[in-house]
Amino acid sequence: MAAQPSLKLRPNARARALHGHPWVFVNEVETLLPVEHDGEVVECRDRTGRLIGTGIYNSKSQIVWRRLSRDRVALDADYLRAAVERAVARRGMVVGRGLPTPPATAPTTSPATTPERRGQETPPYIGRLIWSESDDLPGVVVDQFGDTLVVQLQTLAMEKRSALLGDVLAEVIRPAEIIFRNDGPIRRLEGLPLEVHTRSGRPWEPRWVRIEGFDYWLDLQGGQKTGFYLDQRFQHGVVAKYCQGARVLDAFCNQGSFALHAARAGAVEVCGLDSAEDAIAAARRNAERNRVSAEFSVVNVFDWFNDPARGVDPLWDVIILDPPPFAKSKSALEGALRGYKEINLRAVKRLVPGGVLATYTCSHHMQDAELRQVLAEVSSDARRKLRVLEWAHQPPDHPVLATMSESEYLRGYILRAE
């Protein structure tokens, strides 16, 4: 392999990369490389000249270097294929088997279809297939919805190899379509434009997709993120265990997944709240499709809880708080902690004695200790004892690197309020 250009860490830099973290920041290197190396593979060395790894470089980003390997590697088709195959294997799939693609004329699943028939029509895999650095592909996120892959590219190096990555995914996974959802604002940090397209060049038509026992109308090309928040899909059923015979409030409900599961579990009343009109429209459509009873309203959740009318409303048996990330940066963490405390305090005050609160945060800037502190303060201010029933965490298809706290972002608690 030809010699690669090298970055060198500053003598006084306390870079986490020396202890296994895959990132190096711009203020941790002695000098930057010429711009022609942006989006290419370069080595990084410590102050003594010792190689700490090979990674991708971008002088326009605050994260100037992201490790691919501790060894010398090239970011070519062989590397991409091996990384994709390892990611597939981690998720318990058989590499190279491919996915059975339903006939183009197959009807969409009917609500009247029997459970046995529905089980036969369940797609072979729905979940996260690639999770960035955790799968040795920095800046690459791939969610799989049966025969469709949704790809997000968030680094310049991977953007420059977009077509090659598409070819490798097509070869290994054999999907019917690959959608490139390159419209996340984080791309601007790498100097990348925002755009969406399919590998085939044809539009992907919205359709019903079955996830954890429910049909959802998904617009994978035009919906939020990659089309569905797959990281919470196991929690929906966990919370549903507490909902039989209960009045349930699903705050920040998005497409209504918690609400749908609660209704099917036997809740006597289910209410979902979200500020996004398109999310509420989708939730109502999903409830009708799945023949469950739930009401949904377009509201600002904070304003809804603060409305004096809440003082005369009946209390809830179960409240679910699954808000968007309040802390999108370290500088926003202090304000985010106040926001998490306020919304959790309001919720606890609206629970019956013995009621259940399921509360989550999806910001990697907010660690577990900080969430625990928020809940402790809520318990004190509300003068109610909160007992932990269950801990929540992102599912195993979103693997966490022990040396990279940023790869862990979803955590939560299910608590009983006495």
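Look a little higher up for the structure.
All values reported here derive from a predicted model rather than from experimental measurement.

Reading the values: the criteria
Once a new chain begins, its residue numbering starts again from 1 and follows that chain's sequence as written. At least 70 in pLDDT is required for a residue's local features to be given in this predicted model, at least 80 for side-chain atom pairs to be given and counted, and no such filter applies to totals for whole chains, interfaces and linings, which use all residues. Note that water and hydrogens are dropped before the side-chain values are worked out from all heavy atoms of the structure. Numbering of helices and strands runs from the N terminus, with a helix taken as a DSSP run of H or I at least four residues long and a strand as a DSSP run of E at least two residues long. The rule is simple: take the accessible area with a 1.4 Å probe, protein chains only, and divide by the maximum for that residue type; under 20% is buried, over 50% is exposed, in between is partly exposed. In this analysis, two residues are considered to be in contact whenever any of their non-hydrogen atoms come within 4.5 Å of each other. Per-residue accessibility takes into account occlusion by the displayed protein chains alone, with areas from the Shrake-Rupley method and a 1.4 Å probe. Charged residues are defined narrowly, with Lys and Arg counted positive, Asp and Glu counted negative, and His plus the chain ends left uncounted. Note on charges: their place is set at NZ of Lys, CZ of Arg, CG of Asp or CD of Glu. DSSP calls a pair of strands paired once it identifies at least 2 bridges connecting them. Lines fitted to the C-alpha atoms define the axes, with helices restricted to the stretch that makes contact. Angles between their N-to-C directions range from 0 to 180 degrees. For this analysis, a salt bridge means a side-chain nitrogen from Lys or Arg found within 4 Å of a carboxyl oxygen belonging to Asp or Glu.

Student: I tried to follow the overall build of the protein chain on my own but got confused; where do I start?
Tutor: On a plain count of helices and strands, the protein chain comes out with ten helices and 19 strands. Once the C-alpha set of the protein chain is aligned to its principal axes, its extents read approximately 70 × 55 × 35 Å. By residue count, 53% of the 418 residues in the protein chain fall in the buried class. Long-range contacts, defined here as pairs at least 24 residues apart, represent 63% of the contacts in the protein chain between residues at least 6 apart. Accessible surface computed for the protein chain: about 18800 Å², of which carbon and sulfur atoms make up 51%. Looking at charge distribution, the protein chain has the averaged site of its 54 positive side-chain charges lying 3 Å from that of its 53 negative ones.

Student: So what exactly am I meant to see when it comes to the sheet that holds strand β5 (residues 63-69) here?
Tutor: Either a parallel or an antiparallel arrangement is found when strands of a sheet pair, and the pairing is made through backbone hydrogen bonds. Read from one edge of the open sheet, five strands run β1-β3-β4-β5-β2, paired in mixed fashion. Unpaired on one side and paired on the other, β1 (6-8) and β2 (23-25) mark the two borders of the sheet. Strand-to-strand twist of the sheet, defined as the mean angle between neighbouring strand axes without regard to direction, takes the value 35 degrees. Two strands pair when backbone bridges link them, and strand β4 (residues 51-57) and β5 are joined in this way by four bridges, in the antiparallel orientation. Opposite G55, over in β5, you have R67 as the bridge partner.

Student: Sorry, what's going on with the environment of L386 here?
Tutor: For L386, the location among the structural elements is in strand β18 (residues 386-393). Beyond its immediate stretch of four places on either side in the chain, L386 contacts V348, L375, V378, S379, L415, R416 and A417.

Student: What is the right way to look at the pattern of salt bridges in this model?
Tutor: Opposite charge on two side chains permits pairing when their charged atoms draw close. Taken as a whole and assessed by the stated rule, the structure comprises 31 salt bridges. E40 is paired through a salt bridge with K160; the nearest N and O atoms lie 2.5 Å apart. One end of the pair, E40, is in the loop between β2 and β3 (41-45); the other, K160, is in helix α3 (residues 156-160), with 120 residues separating them in the sequence. Note on K160: relative accessible area 46%, which makes it partly exposed. Its salt-bridge partner being D215, residue R289 comes within 3.3 Å of it at the nearest N-O pair. Of this pair, R289 sits in helix α7 (residues 277-289) while D215 sits in strand β12 (residues 214-218), and the two are 74 residues apart along the sequence.

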